[in-house]
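# Structural characterization, general
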Amino acid sequence: MSLPRHRAIITKLRRSPMGFEELQDYLQFQSEISGDDLYCSRRTFQRDIKKIDTMYGIEIEYNSSTGKYEITYDANEEHNERLMEAYEI
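Residues numbered from 1 in each chain as written. Predicted model: local features only at pLDDT ≥ 70, side-chain atom pairs only at ≥ 80, totals over all residues. Heavy atoms only, no water.

### Quick word on the overall build of the chain
When helices and strands are counted, the chain shows four helices and two strands. Along the chain, helices (α) and strands (β) appear in the sequence α-α-α-β-β-α when read from the amino end. Nonlocal contacts in the chain, meaning residues at least 24 apart in sequence, comprise 54% of its contacts between residues at least 6 apart. (Helix = DSSP H or I, 4+ residues; strand = E, 2+ residues; numbered from the N terminus. Contact = heavy atoms within 4.5 Å.)

Below, the structure written as structure tokens:
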């Protein structure tokens, strides 16, 4: 399980929807900054989406009309932010 990757995905998609390739570029950039290996395959990303929903109550879906992934439901953004920070500690 990659909690730093989950956090990076959620943070980026909260700002704006994006395609998988854009998200991979972002994760690669964040990997270089943080020293963590945040890169993931498309299949791992699909697993991460399910884990993010289960763990944080944040639904991420692919919008075929825009070709981008977006957060469609965020149960409690402030609570989830504190939860992610607690996992990191």
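On we go.
### What to know about the packing of helix α1 (residues 3–15) against helix α3 (residues 42–56)
For the pair α1 and α3, the least separation of the axes is 10 Å and the interaxial angle reads 85°. It follows from the interaxial angle that α1 and α3 lie roughly perpendicular. On α3, the residues touching L3, R5, H6, I9 and I10 of α1 are T44, F45, D48, K51, I52, M55 and Y56. (Axes fitted to C-alpha atoms, helices over the stretch in contact; angles between N-to-C directions. Parallel < 35°, antiparallel > 145°, perpendicular 65-115°, else oblique.)

### Observations concerning the packing of aromatic side chains
Overall, the coordinates contain three aromatic pairs when judged by the stated rule. When the centroid spacing of 5.5 Å and the interplanar angle of 50° are considered together, the rings of F20 and F45 count as tilted. Taken together, the residues F20 in helix α2 (residues 20–34) and F45 in helix α3 connect sequence positions 25 residues apart. No difference in accessibility class separates F20 from F45, as the two residues are buried. Ring pairs connect the aromatic residues F20, F45, Y62 and Y69, which therefore count as one cluster. (Phe/Tyr/Trp six-rings, centres within 6.5 Å; stacked < 30°, edge-to-face > 60°. Buried < 20%, exposed > 50% of the residue type's maximum accessible area, 1.4 Å probe, protein only.)

### Structural notes on the environment of Q24
Checked against the element boundaries, Q24 lands in helix α2. For the pair Q24 and Y39, spaced 15 residues apart in the sequence, the C-alpha separation amounts to 6.6 Å. Non-local contacts of Q24, meaning those with residues more than four positions away in its chain, are made with Y39 and C40.

### Re the nonpolar core
Soluble globular proteins: nonpolar side chains tend toward being buried together. Core analysis: the biggest nonpolar cluster contains 19 residues, and I9, L27, F45, I52, I60 and Y69 have the highest contact counts within it. The set of elements that each furnish at least two residues to this core consists of α1, α2, α3 and β1 (58–63). In terms of residue count, α1 provides more of this core than any other element does, five residues in total. With sequence-adjacent residues up to four places away left out, L27 is seen in contact with R5, A8, I9, L38 and C40. (Core = buried A, V, L, I, M, F, W, Y, C linked by side-chain atoms within 4.5 Å.)

### Structural notes on the packing of α1 against α2
Between α1 and α2, the shortest axis-to-axis distance is 11 Å and the interhelical angle comes to 125°. Put simply, α1 runs oblique to α2. For the crossing formed where α1 meets α2, the hand is right-handed. Facing R5, A8, I9, T11, K12 and R15 of α1, the residues of α2 in contact are L23, Y26 and L27. (Left-handed = near helix turned anticlockwise from the far one by under 90°.)

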